[in-house]
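Each chain, letter by letter, is given below.
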Amino acid sequence: MEMKYTPKEIEQKWQAIWENEKTFKASADKDKQKYYLLEMFPYPSGRIHMGHVRNYSIGDVIGRFKRMRGFNVMHPMGWDAFGMPAENAAIQNKSHPATWTYENIAYMRSQIKKMGFSYDWDRELATCDLDYYRWEQKLFLEMFAKGLAYKKTSYVNWCPKCETVLANEQVEDGGCWRCDSDVNLKELDQWFFRITDYADELLDNTYTLPGWPERVLVMQRNWIGKSFGCEIDFAVENSSDAIRVYTTRQDTVFGATFMSLAPEHPRALELTTAENRETVIAFIEKIRKTERITRTADDLEKEGVFTGSYCTNPVTGARMPVYLANFVLMDYGTGAVMAVPTHDQRDFEFARKYDLPLQVVIQPEGVTFDSATMTEAFTEAGIMVNSGTFDGMQSGDAKEAIADFLQQQGTGAKTVNFRLRDWGISRQRYWGNPIPVIYCDSCGVVPVPEQDLPVVLPKDVAFSGEGGSPLARMESFVNCSCPVCGKDARRETDTMDTFVQSSWYFLRYCCPDFKDGILDRDSVDYWMSVDQYIGGIEHAVLHLLYARFFTKVMRDLGHISANEPFINLLTQGMVIKDGAKMSKSKGNVVDPDALISKYGADTARLFSLFAAPPEKDLDWNDQGVDGSFRFLSRIWKLVHDRLEMIRGAGALDPASLSAEERNLRRAVHKTIRKVTEDLDERFHFNTAIAAVMELLNILQPAELATPQFAAIMKEALQSVILLMSPLVPHITEELWERMGNSRPISQAAWPSYDPHAVVDEELLVVVQVNGKLRSKLTVAAGTGEDEQKALALADEKVAAFIAGLTVRKVICVQGKLVNIVAG
């Protein structure tokens, strides 16, 4: 029999067996505990990278381990297939986005299958499939009917390079999440999902997800941004209207000396006088071109422009000029800020620049501030001053008292505010899911009737590279009849944000072939929620928040019972090479195909699992890859070296083992216990692999001329193969078969350790005198040393140190450490 480890033939053999026999096909089984395992599905960009290999290897170990432990595991795979890269590739290559996408899916599928992942490919879906996006259109209509989908004119984040709108969550450090281009503001009619209706539940439920990393939960809590404060009305001079602000610092209202509006505020021009109009318009245009991240930076030079209008402070009666300011954002509060320069640093810098008045209203006890000589704002808590009847109060107590006062006066009200804004889903691109809406001059906004769904994305589209969506220039798509009155009408040409598709794909995996509705309720209720979800932390306030929102919406629409999509979340680290994340631009990419060709998939899997814990970044190391291959070759050789022995081994009788045999078996069962603990929920794959390596170091040279050595060696090597099978499934399947097992290892049970076998017969006792190491003694385990026995253990060396001293105390720690206190 061939002794050399040749992974290619072995891996192809077992991948074909698993596929032909549908080894990993999942179906509902009420008699088994279900386990829904999922990694975030990939965008079909063309080739998988080492980040994919690591992510999917982590998931595959969990899936195979759980299956061996008796769980009914569902582990699906699919494709997040709509999106701009396909459209851009079509323009560059003069092809069609669908052609580019499906070709990439086919290639990436073949790459993933070469890795031997235990996917149920019968559940495969792509979000650009008509059978997927048709049900998403129906879901949109249900949300529209409930008021959860609506259209409004608003300022939106606009990427000039991608020529499309971005949600707030898709703007990262002032740039587009896809291309890093600077993001501007643009006023457009847009479709929104009312995620703010679920803000409280989304926030509250972050405290009911113990299986999620705290870091992700904190990021979501901060993004939702719930705060308690006051809305206060400042009457506009010579008008019956008022400017409403939201503040959490109502204790400073007596110090408000001017008003700052966001340049995007809908009343900005309305409040501008004729003589200031030209200057104000120029300022608004300037700020529209300024990056959002720049406007929120602490070191931003504060700029503004006077509108010519004034408002009145409701508690002091002071006349307050109304400014537009570059640091005020429309998407927080009301877009208007009562400016208190003595107690807000941004207001302080603005007031000093434009020579605006300052009024101190809070100061530390025993300190008197002079606003004329202040060099910075005082933002801490303190004692109220210059605040009428509230003088002398602690500022924290004054918050509540002033809120009550404003409410009684009719100029303010306690309120709760959220940083979270409704999710803008309109995208001015072709390669996405058409929004199923028609516009009629007579009937207004008309949803496409359900019987007319789906609105099919047309294939015969010309990609010229011109701005905007080619759908808007396609008359055969745009022109239609109103389903209500029959008159000429126009289709919506925007498509849905691709994050809509990834917000519910995990639900459709439960019933991918269901033809009678969005979801098969019985199937979804059996499999949901996802027991273990795996993906990058970069999706903390994008996909993960949207998926939680969609789950709650679909629950309320009656499609599912689950409240949360993912019970447990693992955010894996990045793959680093030469000090940077692998990327084509940095030239540090390792091609998985080349790695598989040289070493085999099992080696690629093993290295990615051994090099670092899953939640940490993995530093690529070519020597580590070689080491992983050598380790697998050692297992291969050891099994073949002992093959005849283990095939002829008799039954093991644990009760009649010699001391040497018991020691060898103890090492085996301690390893089983260790690996089981490391794989079960903790996912410490690297330490589990290290434990098997240590066991191999014991087994390889072991030679005992004892009756049961062959039986122990058989148990040991079978245990090694079983323990490694979730991590390196191909080589273990082959060795398992060669060892004479009739059923494949993918159908085998996980080994259990013998609790009697793991008990140590001897203990190493460390002896200290007054905390200093003096001796190490080997004693029989389980003797339960008391103080006298512990003293008796002190050999002559220890006795010399306590000679002439009075022994005051003997401390025995779990029979392994003896500390003699003497003086």
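Small disclaimer: the values here were computed from a predicted structure and weren't measured.

### Some thoughts on the overall build of the protein
Working step 1: The number of helices and strands found in the protein is 26 helices and 32 strands.
Working step 2: The principal-axis extent of the C-alpha atoms belonging to the protein is close to 105 × 85 × 50 Å.
Working step 3: When burial is assessed residue by residue, the protein has 55% of its 823 residues classed as buried.
Working step 4: Restricting to contacts in the protein with at least 6 residues of sequence separation, those with at least 24 account for 72%.

### Considerations on unusual backbone geometry
Working step 1: For the peptide bond that leads from L453 to P454, omega is 0 degrees, which places it in the cis range.
Working step 2: With respect to the helices and strands, the residue P454 is situated in the loop between β20 (444–447) and α12 (475–478).
Working step 3: A cis geometry characterises the amide bond from M528 onward to S529, with omega recorded as 5 degrees.
Working step 4: Examined against the element boundaries, S529 turns out to sit in the loop between α15 (521–527) and β24 (532–535).
Working step 5: Backbone geometry at N238 places phi at a positive 60 degrees, although glycine is not the residue there.
Working step 6: Residue placement: N238 occurs in the loop between β8 (227–235) and β9 (242–247).
Working step 7: Positive phi is not limited to glycine here, since D355 has a value of about 55 degrees.
Working step 8: Looking at the element boundaries, D355 is found in the loop between α10 (345–354) and β14 (362–363).

### Considering the sheet that holds strand β11 (residues 304–312)
Working step 1: With respect to topology, four strands assemble into an open sheet ordered β11-β12-β10-β13, the strand pairing being mixed. In the strand order of this sheet, the two ends are held by β11 and β13 (336–339), each with one partner. Put simply, the sheet's adjacent strands are angled 25 degrees from each other on average, direction ignored.
Working step 2: Sheet analysis places strand β10 (residues 258–261) next to β13, joined by four bridges and oriented antiparallel. Note that in β13 the partner of F258 across the bridge is A339.

### Details of the environment of I435
Working step 1: Relative to the helices and strands, I435 is located in the loop between β18 (426–427) and β19 (437–440).
Working step 2: What makes I435 buried here is its relative accessible area of 2%.
Working step 3: Counting along the chain gives 192 residues from I435 to I243, while the straight-line C-alpha distance between them is 36 Å.
Working step 4: In contact with I435, other than residues within four places in its own chain, are F140, W191, S426, E492, D494, T495 and M496.

### Some thoughts on the packing of aromatic side chains
Working step 1: Within the structure shown, the criterion is met by 46 aromatic pairs.
Working step 2: Taken together, a centroid distance of 5.5 Å and an interplanar angle of 25 degrees make the contact between Y5 and F629 stacked. Separated by 624 residues along the polypeptide, Y5 in the segment before α1 (7–20) and F629 in helix α19 (residues 622–641) bring together distant segments of the chain.
Working step 3: By relative accessible area, which is 22% here, F629 ends up partly exposed.
Working step 4: Relative to Y546, the ring of F499 lies with its centre 5.9 Å away and its plane at 70 degrees, an arrangement referred to as edge-to-face. Separated by 47 residues along the polypeptide, F499 in helix α13 (residues 498–501) and Y546 in helix α16 (residues 543–556) bring together distant segments of the chain.
Working step 5: Its relative accessible area of 0% is what places Y546 among the buried residues.

### Here's the deal with the sheet that holds strand β25 (residues 569–571)
Working step 1: Taken in spatial order, the four strands line up as β2-β1-β24-β25 in an open sheet, and their pairing is parallel. The open sheet has two edge strands, β2 (72–74) and β25, and neither has a second partner. The mean inter-strand angle of the sheet, taken between neighbouring strand axes irrespective of direction, is 15 degrees.
Working step 2: With three bridges connecting them, β24 and β25 associate as parallel partners. Paired with G535 across the two strands is T571, which belongs to β25.

### Concerning the pattern of salt bridges
Working step 1: In total, this model carries 51 salt bridges according to the counting rule given.
Working step 2: Between K13 and E734 there is a salt bridge, with the nearest N and O atoms lying 2.9 Å from each other. Of this pair, K13 sits in helix α1 while E734 sits in helix α24 (residues 729–738), and the two are 721 residues apart along the sequence.
Working step 3: The class for K13 is partly exposed, based on a relative accessible area of 31%.
Working step 4: The closest approach of N and O atoms between D578 and K577, which form a salt bridge, is 3.7 Å.
Working step 5: On the basis of relative accessible area, D578 is assigned to the exposed category, the value being 66%.
Working step 6: A residue is classified by how much of its surface remains accessible, and K577, at 18% relative accessible area, is buried.

### Remarks on the confidence of the model for the protein
Low pLDDT means the predicted atomic positions in that stretch should not be read closely.
Working step 1: Looking at the protein, pLDDT values average 91 and 92% of them are 70 or higher.
Working step 2: Here residues 783–788 scores under 50 on pLDDT; set against residues more than four positions off or in separate chains, the count is eight contacts.

### A word on the packing of α19 against helix α22 (residues 685–699)
Working step 1: With their axes 11 Å apart at the nearest point, α19 and α22 run at an angle of 40 degrees to one another. The orientation of α19 relative to α22 falls into the category oblique. Regarding α19 and α22, the two cross each other, and that crossing is left-handed. For the pair formed by α19 and α22, the contact residues are F631, R634, I635 and L638 on the first element and I689, V692, M693, L696, N697 and L699 on the second.
Working step 2: When the residues that make up the contact of α19 with α22 are grouped by side-chain class, the tally is eight nonpolar, one polar and one charged.

### Some details on a negative patch on the surface
Working step 1: A cluster of like negative charges, contributed by E172, D173, D180 and E538, occupies part of the molecular surface.
Working step 2: Structurally, D173 can be placed in the loop between β5 (171–172) and β6 (175–176).

### Side note on the side chain of T493
Working step 1: Take T493: it is sitting in the loop between β22 (488–491) and β23 (495–496).
Working step 2: Ignoring anything within four residues of it in the chain, the contact list for T493 reads R429, S469, L471, A472, F477 and V478.

### Remarks on helix α4 (residues 97–114)
Working step 1: Helix length check: α4, at 18 residues, gives a terminal C-alpha distance of 26 Å against a target of 26 Å (1.5 Å per residue), a fit within 8%.
Working step 2: Buried within α4 are the following residues: P97, A98, W100, T101, N104, I105, M108, Q111 and I112. Looking down the long axis of α4, one finds its buried residues gathered within 155 degrees of arc, a one-sided arrangement.
Working step 3: Buried residues belonging to α4 abut α2 (50–68), α3 (84–93) and α17 (592–599).

### Regarding the environment of F24
Working step 1: Its place among the elements puts F24 in the loop between α1 and β1 (34–39).
Working step 2: Taking C-alpha positions, F24 is 9.5 Å from P76, a pair spaced 52 residues apart along the chain.
Working step 3: Once residues within four sequence positions are removed from consideration, F24 is found in contact with W18, R64, R67, S118, Y119 and D120.

Cut-off values and rules
- Residues numbered from 1 in each chain as written.
- Predicted model: local features only at pLDDT ≥ 70, side-chain atom pairs only at ≥ 80, totals over all residues.
- Heavy atoms only, no water.
- Helix = DSSP H or I, 4+ residues; strand = E, 2+ residues; numbered from the N terminus.
- Buried < 20%, exposed > 50% of the residue type's maximum accessible area, 1.4 Å probe, protein only.
- Contact = heavy atoms within 4.5 Å.
- Pairing = 2+ DSSP bridges.
- Axes fitted to C-alpha atoms, helices over the stretch in contact; angles between N-to-C directions.
- Phe/Tyr/Trp six-rings, centres within 6.5 Å; stacked < 30°, edge-to-face > 60°.
- Salt bridge = Lys/Arg side-chain N within 4 Å of Asp/Glu carboxyl O.
- pLDDT = per-residue confidence, 0-100.
- Parallel < 35°, antiparallel > 145°, perpendicular 65-115°, else oblique.
- Left-handed = near helix turned anticlockwise from the far one by under 90°.
- Nonpolar A, V, L, I, M, F, W, Y, C, P; charged D, E, K, R; others polar.
- Patch = residues over 30% accessible without salt bridge, like charges linked within 9 Å, V, L, I, M, F, W, Y side chains within 5 Å.
- Areas by Shrake-Rupley, 256 points an atom, 1.4 Å probe, with all protein chains shown as cover.
- Lys, Arg positive; Asp, Glu negative; His and termini not counted.
- Charge placed at Lys NZ, Arg CZ, Asp CG, Glu CD.
- Expected span 1.5 Å × (residues − 1).
- Arc of directions from axis to C-beta.

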